[in-house]
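The lines below spell out each chain.
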Amino acid sequence: MSHNVFNRISGDLCHYDRYFVQKLDAAKKVGPLPEQKITCALQMLAYGAGADQCAEYFRMAKSTSIEALQRFTRGIVNLYSAEYLRAPTMADLKRPLAKAERKGFHGMIGSIDCMH
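Rules behind the numbers
- Residues numbered from 1 in each chain as written.
- Predicted model: local features only at pLDDT ≥ 70, side-chain atom pairs only at ≥ 80, totals over all residues.
- Heavy atoms only, no water.
- Helix = DSSP H or I, 4+ residues; strand = E, 2+ residues; numbered from the N terminus.
- Rg over C-alpha atoms; globule rule 2.2 N^0.38 Å.
- Buried < 20%, exposed > 50% of the residue type's maximum accessible area, 1.4 Å probe, protein only.
- Contact = heavy atoms within 4.5 Å.
- Areas by Shrake-Rupley, 256 points an atom, 1.4 Å probe, with all protein chains shown as cover.
- Lys, Arg positive; Asp, Glu negative; His and termini not counted.
- Charge placed at Lys NZ, Arg CZ, Asp CG, Glu CD.
- Expected span 1.5 Å × (residues − 1).
- Arc of directions from axis to C-beta.
- Core = buried A, V, L, I, M, F, W, Y, C linked by side-chain atoms within 4.5 Å.
- Patch = residues over 30% accessible without salt bridge, like charges linked within 9 Å, V, L, I, M, F, W, Y side chains within 5 Å.
- Salt bridge = Lys/Arg side-chain N within 4 Å of Asp/Glu carboxyl O.

*Asks:* How should the overall build of the protein be read in this particular structure?
*Replies:* In terms of regular secondary structure, the protein is built from five helices and zero strands. Each helix and strand of the protein, ordered N terminal to C terminal, gives the series α-α-α-α-α. In terms of overall size, the protein is more extended than a compact globule, its C-alpha atoms giving a radius of gyration of 19 Å where 116 residues would be expected to give roughly 13 Å. Relative to its full complement of 116 residues, the protein shows a buried share of 26%. Restricting to contacts in the protein with at least 6 residues of sequence separation, those with at least 24 account for 47%. For the protein, the exposed surface amounts to about 8500 Å²; the carbon and sulfur share of it is 56%. If you average the places of the 16 positive and of the 11 negative side-chain charges in the protein, the two averages end up 3 Å apart.

*Asks:* For this particular structure, what's the right way to read helix H4 (residues 62–80)?
*Replies:* Owing to its 3.6 residues per turn, the α-helix brings residues three or four apart onto one side. Its 19 residues place the ends of H4 27 Å apart at the C-alpha level, agreeing with the 27 Å of an ideal helix rising 1.5 Å per residue. Here H4 has its buried residues at Thr64, Ser65, Ala68, Phe72, Gly75, Ile76 and Tyr80. Along the axis of H4, the buried residues cluster in a sector spanning 100 degrees; they form a single face. Its buried side turned inward, H4 meets helix H1 (3–16), helix H2 (34–47) and helix H3 (51–58).

*Asks:* How should the nonpolar core be read in this particular structure?
*Replies:* Within soluble globular proteins, side chains that are nonpolar tend to cluster in buried spots. Listed in full, the 12 residues of the largest apolar core are Phe6, Ile9, Leu13, Cys14, Tyr19, Phe20, Ile38, Ala41, Ala68, Phe72, Ile76 and Tyr80. Among the elements of the structure, H1, H2 and H4 are those that each provide at least two residues to this core. Every residue in contact with Tyr19, bar those within four places of it in the chain, is listed here: Lys37, Thr64, Glu67, Ala68 and Arg71. Counting residues in each nonpolar core, the second largest holds seven residues, with Cys40, Ala49, Cys54 and Phe58 among its members.

*Asks:* Hey, could you run me through a nonpolar patch on the surface in this one?
*Replies:* A grouping of Val77, Tyr84 and Leu85 is seen on the molecular surface, where their side chains present a nonpolar patch of about 300 Å² in accessible area. For Tyr84, the location among the structural elements is in the loop between H4 and helix H5 (90–102). Judged by its relative accessible area of 49%, Tyr84 is partly exposed.

*Asks:* Can you help me understand unusual backbone geometry in this one?
*Replies:* As a rule of thumb, non-glycine residues mostly have phi less than zero, and peptide bonds are mostly trans rather than cis. In this model, Lys28 sits at a positive phi of 65 degrees, which is unusual for a non-glycine residue. With respect to the helices and strands, the residue Lys28 is situated in the loop between H1 and H2. Of note in this structure, Arg59 is not a glycine but carries a positive phi near 55 degrees. Owing to a relative accessible area of 77%, Arg59 belongs among the exposed residues under this scheme.

*Asks:* Whenever I open this one, a positive patch on the surface confuses me. Can you help?
*Replies:* A contiguous patch of positive charge on the surface is contributed by Arg95, Lys99, Arg102 and Lys103. Assessed through its relative accessible area of 68%, Arg102 is described here as exposed.

Right, here's the structure in full:
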C-alpha cells in the first residue's frame, strides 16, 4: 500500500472514530498511535496474523488488537462502501469480459475457478 493511501485511510479513520486517535490512559500513559492500530488491523486482514502476534509486535494488548480490527473494518465499510465497495456496473464488467473473451473464456465473470 502506498504511503499516501495509508495516510488518507488513517486520517479518515481518525476523523470517523476517535478510537484511532492517540490518547492517555487512566495512568496518564500514552496509548498506541493510530498507525499502530491501523497497521495491526491490516496485518491481521492481509496476512492472517493472530491478534496475539500483532499485539506483541506492536506492543499493545491482545484486546486492543481485536478491537482495532473490528473498528477498522467497520470504519472502512462505512467510509468507503458507497464509492469502492459497491456491486460492479456493466461498464465495470466490460473490460474484464472483453479480456476473457480474447483468451477464449466467454462470460466467465463470477466463476470462482476463473477469477485469478
